Amino acid sequence: MTTNLQIISDLRLMMENQQPIEMLNTYKGAPFVCKGYLAGVYGDHAQVRTDGAEIVLLQRDRHTKVLGSDFFEPFSAQVLSVDLLQGLADLYNFSYLGVKLGERMLARVEPKAPLPVNILIGKDQTAAELADISMIGAGLRVLPDQYTPALKPGAIIHIATELPTGAVSARGTILSAVRARGQYRFSLRFAPEPHFRGVLFRYLVNRRREIEAELIEEFHRARNAVA
C-alpha cells in the first residue's frame, strides 16, 4: 500500500510544532493511548519517542491507530520496529481509517478468569463464556456443542452472569456472529438496566485498574528481556 503523502505532511507539521501524537491500541479488551512526540520523519517513515509503558503494545501488535485532532483525520500505521530501552517506535505504511474511533475508546475489558454466562433465547437456554464487556454490550464465546441456530444477528436474547462485583442480567440484540478457532464469537448490544448499572460500572473500574497493572508488568518484563 502506498504511503499517504498527506499524512506524512501532517506528521512533519506536528513535529515542527512539537504537537503530541496519541496512538491507540487495546490490551485485554481495554483501550490504551500511548502518548509521545515525533523524533523524526524520514521519507515514508516516522519515529516516535515515548516514555509510556503502552509502547509495549506497539511491539506486540505491530500496528496502531493514531487519534486525530481538529487539524487531521485519524489514521492507521504499521510498526516496523520498537526500541523499548530508548522508548522509540518506527512507524510506516500510513492510511486514513475513514471511521470514527468513539466506540474503540469505550471502557471494554476482558475478565481475568473465565466467567460463565447463561443465555436465554425464547424458551431455550444455552451456556456461554464472557469474552469482554462494557456499559453498552458484551462479547460472548459459545462452544459448538452449546450452539443453536437461533443465535444469529438480530436475535433478542437474555444473558445472566456473576461478576466479582455482583450479578448482571440483561436483554440485548446480537449484532454479529463469527466462527473461529473452534468456537462461536457473538457481539451483543444491550442497554444496562438501573438495578445492575452500578455493579457493572464498579467491575469495569476495578478490572481496568488490574489491566493497567498487568500492562506495566508486561512492559517491565519485555524491557528486562532486552536489557
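Right above here is the structure, for reference.
Note that this is a predicted model, so its numbers are computed, not measured.

Novice: Would you mind going over the sheet that holds strand S3 (residues 45-49) with me for this structure?
Specialist: Sheets are built from strands that pair by backbone hydrogen bonding, the pairs being arranged parallel or antiparallel. Strand order in this closed barrel of six strands is S1-S2-S3-S6-S5-S4, and the pairing throughout is antiparallel. Averaged over all adjacent pairs, the angle separating strand axes in this sheet is 45 degrees, with direction ignored. In terms of strand pairing, strand S4 (residues 63-66) meets strand S5 (residues 75-83) through four bridges, oriented antiparallel. Along S5, the bridge assignment pairs His63 with Gln78. Contacts from helix H1 (residues 5-16) reach strand S1 (21-27), strand S2 (30-42), S3, S5 and strand S6 (88-96) within the one sheet, and its direction differs from that of S2 by about 85 degrees.

Novice: Just checking my understanding: could you explain the nonpolar core for this structure?
Specialist: Membership of the largest hydrophobic core comes to 61 residues, with the highest contact counts inside it found for Leu11, Phe94, Ile119, Ile133, Leu140 and Ile157. Per-element tally for this core: the top contributor is helix H3 (residues 194-226), with nine residues.

Novice: Any chance you could explain empty space enclosed by the protein here in plain terms?
Specialist: Enumeration over the complete set of coordinates arrives at one cavity of 30 Å³ or more. In this structure, the largest cavity is lined by Ile119, Leu140, Leu151, Ile157, Ile174, Phe186 and Leu188.

Novice: Explanation requested: the pairing of strand S11 (residues 166-180) in the structure shown.
Specialist: The side chains of a regular strand alternate, residue by residue, between the two faces of the sheet. Across eight bridges, strand S10 (residues 156-163) lies against S11 in antiparallel orientation. Bridge pairing links Glu162 to Ala167 in S11. Where S10 folds back on S11, the antiparallel hairpin that results is connected by two residues. By the bridge criterion, eight bridges tie S11 to strand S12 (residues 183-190) in an arrangement that is antiparallel. Bridging from a neighbouring strand, Ala177 pairs with Phe186 of S12. Hairpin connection, S11 to S12: the antiparallel pair is bridged by two residues, and Arg181 has positive phi, about 50 degrees.

Novice: Please clarify how the pattern of salt bridges should be interpreted in this entry.
Specialist: Pairing between side chains of opposite charge can happen when their charged atoms approach one another. Scanning the model with the defined rule gives nine salt bridges in all. Members of the salt-bridge network, linked through shared partners, are Lys28, Arg207, Glu210 and Glu214.

Novice: Explain the packing of aromatic side chains here, please?
Specialist: To describe a pair of aromatic rings, one takes the distance between the centres and the angle between the planes. Applying the stated criterion across every chain, the model contains five aromatic pairs. Seen in terms of ring centroids, Tyr147 and Tyr184 are 4.0 Å apart; in terms of plane orientation they differ by 10 degrees. Their pairing is stacked. Residue Tyr147 is found in the loop between strand S9 (137-142) and S10, and its partner Tyr184 is found in strand S12; the two are separated by 37 residues along the sequence. Its relative accessible area of 31% is what places Tyr147 among the partly exposed residues. Judged by centre distance (6.3 Å) and plane angle (20 degrees), the rings of Tyr184 and Phe186 are stacked. Among the aromatic residues, those joined into a ring-pair cluster are Tyr147, Tyr184 and Phe186. Against the face of Phe32 rests Arg208, its NZ or CZ located 4.0 Å from the ring centre.

Thresholds applied
- Residues numbered from 1 in each chain as written.
- Predicted model: local features only at pLDDT ≥ 70, side-chain atom pairs only at ≥ 80, totals over all residues.
- Heavy atoms only, no water.
- Pairing = 2+ DSSP bridges.
- Helix = DSSP H or I, 4+ residues; strand = E, 2+ residues; numbered from the N terminus.
- Axes fitted to C-alpha atoms, helices over the stretch in contact; angles between N-to-C directions.
- Contact = heavy atoms within 4.5 Å.
- Core = buried A, V, L, I, M, F, W, Y, C linked by side-chain atoms within 4.5 Å.
- Buried < 20%, exposed > 50% of the residue type's maximum accessible area, 1.4 Å probe, protein only.
- 1 Å grid on protein atoms, 1.4 Å probe; cavity = no way out; pocket = protein on both sides within 12 Å on 5 of 7 lines; lining within 4 Å.
- Points joined across faces, edges and corners; volume = space filled by probe spheres on them.
- Salt bridge = Lys/Arg side-chain N within 4 Å of Asp/Glu carboxyl O.
- Phe/Tyr/Trp six-rings, centres within 6.5 Å; stacked < 30°, edge-to-face > 60°.
- Lys NZ or Arg CZ within 6 Å of the ring centre and 35° of its normal.

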